[in-house]
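Inside the fold
Read off the chains here:
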Amino acid sequence: MSSLRLFELNPEQEKAVRATDGPLLILAGAGTGKTKVITTRVAFLICSGVDPSQILAVTFTNKAANEMRERLRRLIEPEKAKEVTMSTFHALCMRLLRQDIEKLGYKRNFSIYDEGDTTGLIKKIITRTAAKDEKLDPGVAKSLISKAKNNGWSAPEDEQSLLGAVFARYQAELKTLNAVDFDDLLLLAVKLLQEFPEVRARWNRRFQYLMVDEFQDTNRLQLDLVSLLAKAVDAPPGTRPNVAVVGDDDQSIYGWRGAEVSNILEFEEHFPGPTVIKLEQNYRSTNAILNTANTLIKNNPRRRPKQLWSAVEGGDKVNVVMAPDDRQEAEYVASQIAQRTFNEGLKHEDFAVLYRMNAQSRSVEQHLREMKIPYRVVGGKSFFDAREIKDLLAYASCLVNADDDVSLLRIINTPARGIGDTLVERAVEASIKARCSVFKVLQDEAFRGELTTRARNAIDTFVELLDRYETKLNEPLADQAGVLRAFIDETGYIADLRRTCKTPEEGVKRESKLLEVIRWFDENQKKSPDGLQKFIGDMMLRQEQEKEDDKEEGRGVTLITLHAAKGLEFPHVYLIGLEEGLLPHEQSKMAGTVDEERRLLYVGITRAMRTLTMTWCNQRIRYGSTMPCTRSSFVKEFPAEWVEHRNLVDIQSAPVDHSTAKNRFEQMLAFLDQIPD
DNA sequence: GGCGAATCGTCAACC
DNA sequence: ACGATTCGCC
């Protein structure tokens, strides 16, 4: 037990670790050692004799789950750490559904639709459903449907309103397609546990100890899921569920996704008689950073007051830098990182660049590349939204579930094989009429009979191709990655990809990207026999972010959105784009949710351990043209005594500061020393 | 039906 | 600035 080093914990942290029985609520401010407490608590449970496979830890992002797993590995034997289930809510639900979704009327080989697939489907349903004078924005419809699902509402029986009709049809169509969206993963998992006590009892037995991180961000479905898992269906009355939740109302930043802060504020009502522990000592940041964050967040009404304090004295002042435009902002950040790694002996891994929207990473990436600084972009649309990757996944999805219309339609004429828009249109129409999938229509004699010979031939060739590879895939001991590669090859997809690229170099790049994904699958397949279906699911949930080679050192500067950065920490942080309309975002000002934007900035600031630099621009390129910008209104809320405001133009014209000059001089001397006289 | 060119609309965040 | 969509021509 001494190897756990409980003596490294403060009294409150230790209390939290030792509170292993019954409900536990840990109110943990930013940087109060929350992850340390969770991981140590898991380790403590295991050392106390709990079977590691009976422990479930749920987080919100894959990044946080991986981080936790990594830290646990350092505390206990890796084999035991591996047995603990650490996953995001969505990945957990997928696991539940893979086993028992048939009970809910879906087939085991169901597909998962991402944002793009979902919007596309809703768009189609709207055009089909809406009368001439009616219009409904697909994006609006999608978010309303999503909100409804997360509140546990089902589609209305009557189809009075257009929205209601679209909702109902969307849900019905997903089921026909044997597909689920991200919300369904939660919704259906909850339904499964509610309606099938024997399934619930099985998972109750499996997970005796639950921990939920970032509990302030759970929505109603997620709370339901936690309750269903934690409260054993057959538990005698008076049993206290072993559920530990950790959270901080100041870091609630997922209101737009239906998060209910009340889940944490009213925890006692869901899990009576909990042990409640407050963690208030911050170990992460300097006082300059902490005071800046505290002063800012005090401006929020309706928050649980807390006294975050740090034993670390002072530290460098927080920098706020004004840049002429976004290009120079990015260049400044990149050159600072280059200089500081050189002068101060810092590692690239010590730095993170945080921003409000994914689009902001581009300019920073560009300058980091130019300066040959390694970096990695976390999340965002970088890799998986590339056309070739989505096409590949669509091809794979069709092999697994040919009734998945969205995937089928994506690739039915990619590359062009003579099944054009009008033909596809007719097939879709027939599929709606017959209430079956498009693939079934393509095989239907009545449908095929009405076609020209040429059209029929094109369809027959396609159906035969898909059939043949589906059979190959399902052969026992099939090399599934090989089958997929051969399939893509025979369709002529790669040749088509190359052809449609502007430059040959681009073609080579995209092709190797495609082949790399197939190679991941190949490796993945060797580790688990679950095959293609699981791999597609993991890809949809972005589970593979942590590749083997990423774990080694040298992964470089982290580029990450403020949302994705929650739960992480970095020695040196650059927080860019502190402009009115961007942070706080324009949309949030209109929606009246500026408080949440303030919490978002609070989250960003509290990621920094040693130094923090925030930047804003006078102008920025948006939608391809230059727009003037003004400083974020949050900046004036910072405490003057801990923050230094500077102008990038002044910094650049100033002489090199003393320590930098001294450093460079010493490096020169060291270099000269190496040269023999 | 297929293909290049012009035009359009997007950039809020995550799984 | 870029990808998606529409348009006009073969």
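Look up a bit, the structure's there.
Residues numbered from 1 in each chain as written. Chains lettered and ligands numbered in written order. Predicted model: local features only at pLDDT ≥ 70, side-chain atom pairs only at ≥ 80, totals over all residues. Heavy atoms only, no water.

Observations regarding the packing of aromatic side chains
On inspection of all chains with the given rule, the structure shows 11 aromatic pairs. Members of the aromatic cluster, connected to one another through ring pairs, are Phe60, Phe89, Tyr254 and Trp256. The aromatic ring of Tyr254 is capped on one face by Arg257, whose charged end is 4.1 Å from the ring centroid. The aromatic ring of Phe60 is capped on one face by Lys566, whose charged end is 5.8 Å from the ring centroid. (Phe/Tyr/Trp six-rings, centres within 6.5 Å; stacked < 30°, edge-to-face > 60°. Lys NZ or Arg CZ within 6 Å of the ring centre and 35° of its normal.)

Description of unusual backbone geometry
In this chain, Thr414 is followed by Pro415 through a cis amide linkage whose omega measures -5°. Along the chain, the position of Pro415 falls in the loop between helix H18 (405-411) and helix H19 (421-434). In this structure, Pro584 follows Leu583 across a cis peptide bond, with omega equal to 5°. Examined against the element boundaries, Pro584 turns out to sit in the loop between strand S15 (570-575) and helix H29 (586-591). In the Ramachandran plot, Arg302 falls in the positive-phi region, its phi being about 50° despite a non-glycine side chain. On the secondary structure map, Arg302 appears in the loop between helix H14 (287-297) and strand S10 (309-310). For Arg302, a relative accessible area of 77% corresponds to the exposed category. Located in the positive-phi region is Lys372, a residue other than glycine, with phi close to 60°. In this structure Lys372 comes out as exposed when scored by relative accessible area, which is 73%. (Helix = DSSP H or I, 4+ residues; strand = E, 2+ residues; numbered from the N terminus. Buried < 20%, exposed > 50% of the residue type's maximum accessible area, 1.4 Å probe, protein only.)

Topic: the pairing of strand S17 (residues 625-628)
Each regular strand displays side chains that alternate between the two surfaces of the sheet. With 4 bridges connecting them, strand S16 (residues 608-622) and S17 associate as antiparallel partners. Following the sheet pairing, Arg622 is matched in S17 by Ser625. In this structure, the hairpin formed by S16 and S17 is closed by a connection of 2 residues, where Tyr623 is found at a positive phi of approximately 50°. (Pairing = 2+ DSSP bridges.)

Regarding the pattern of salt bridges
With the rule as written, the count across this model stands at 38 salt bridges. In this structure, Glu67 engages Arg71 in a salt bridge whose closest nitrogen and oxygen atoms are separated by 3.9 Å. Here Glu67 pairs with Arg71, and both are found in helix H3 (residues 62-75), just 4 residues apart, close to one helical turn. On the basis of relative accessible area, Glu67 is assigned to the partly exposed category, the value being 29%. Between Asp403 and Lys107 there is a salt bridge, with its nearest N and O atoms 3.0 Å apart. Taken together, the residues span a long stretch of sequence, with Asp403 in the loop between helix H17 (387-400) and H18 and Lys107 in the loop between helix H5 (89-100) and strand S4 (111-113) at a distance of 296 residues. On the basis of relative accessible area, Asp403 is assigned to the buried category, the value being 9%. Within the structure, one salt-bridge network assembled from shared partners comprises Lys34, Asp213, Glu214, Asp217 and Lys566. (Salt bridge = Lys/Arg side-chain N within 4 Å of Asp/Glu carboxyl O.)

Topic: the nonpolar core
Among the nonpolar cores identified, the biggest contains 100 residues, and Leu225, Leu408, Leu442 and Leu532 are the most heavily contacted of them. If sequence neighbours within four positions are ignored, Leu532 has contacts with Ala396, Leu399, Val400, Leu473, Gln480, Leu484 and Phe521. If you look at the next biggest cluster of nonpolar residues, it comprises 39 residues, including Leu296, Val573, Leu600 and Ala608. (Core = buried A, V, L, I, M, F, W, Y, C linked by side-chain atoms within 4.5 Å. Contact = heavy atoms within 4.5 Å.)

Topic: helix H25 (residues 504-527)
Between its first and last C-alpha, H25 extends 35 Å over 24 residues, near the 34 Å set by a 1.5 Å rise per residue. All of the buried residues along H25 are Gly507, Arg510, Glu511, Lys513, Leu514, Val517, Ile518, Trp520, Phe521, Asp522 and Gln525. Along its buried surface, H25 packs onto H17, helix H23 (480-491), helix H24 (493-500) and helix H26 (532-540). (Expected span 1.5 Å × (residues − 1).)

Topic: the protein's contact with DNA strand B
As a structural note, the neighbourhood of DNA strand B is formed by 26 residues, with Glu115, Trp256, Arg257, Met357 and Thr422 the closest of them. Between DNA strand B and Glu115, the relevant distance is 2.6 Å, taken from a base nitrogen to a side-chain nitrogen or oxygen of the residue. With respect to DNA strand B, the backbone of Asn358 contributes an N or O atom lying 2.8 Å from a phosphate oxygen. Its residues assigned to classes, the surface near DNA strand B shows 8 nonpolar, 13 polar and 5 charged. (Near = heavy atom within 4 Å. Polar contact = N/O pair within 3.5 Å; in protein donor to acceptor, adjacent residues only side chain to side chain. Nonpolar A, V, L, I, M, F, W, Y, C, P; charged D, E, K, R; others polar.)

Overview of the protein's contact with DNA strand C
Every residue close to DNA strand C is listed here: Arg362, Tyr623 and Gly624. Within the backbone of Tyr623, a nitrogen or oxygen atom sits 2.9 Å from a base nitrogen of DNA strand C.

Regarding the packing of helix H7 (residues 138-150) against helix H9 (residues 182-195)
Remark: H7 packs on H9, axes separated minimally by 9 Å, with the N-to-C direction vectors making an angle of 20°. Considering the angle they form, H7 stands roughly parallel to H9. Both H7 and H9 take part in a crossing whose hand is left-handed. Across from Ser146, Lys149 and Asn150 in H7, the residues of H9 making contact are Asp183, Asp184, Leu186 and Leu187. Of the residues belonging to the contact of H7 with H9, the class tally is 2 nonpolar, 2 polar and 3 charged. (Axes fitted to C-alpha atoms, helices over the stretch in contact; angles between N-to-C directions. Parallel < 35°, antiparallel > 145°, perpendicular 65-115°, else oblique. Left-handed = near helix turned anticlockwise from the far one by under 90°.)

A look at the side chain of Glu511
Mapped onto the fold, Glu511 is located in helix H25. According to the relative accessible area criterion, Glu511 is buried, its value standing at 15%. Not counting residues up to four positions away in its chain, the partners in contact with Glu511 are Ile494, Leu497 and Arg498.

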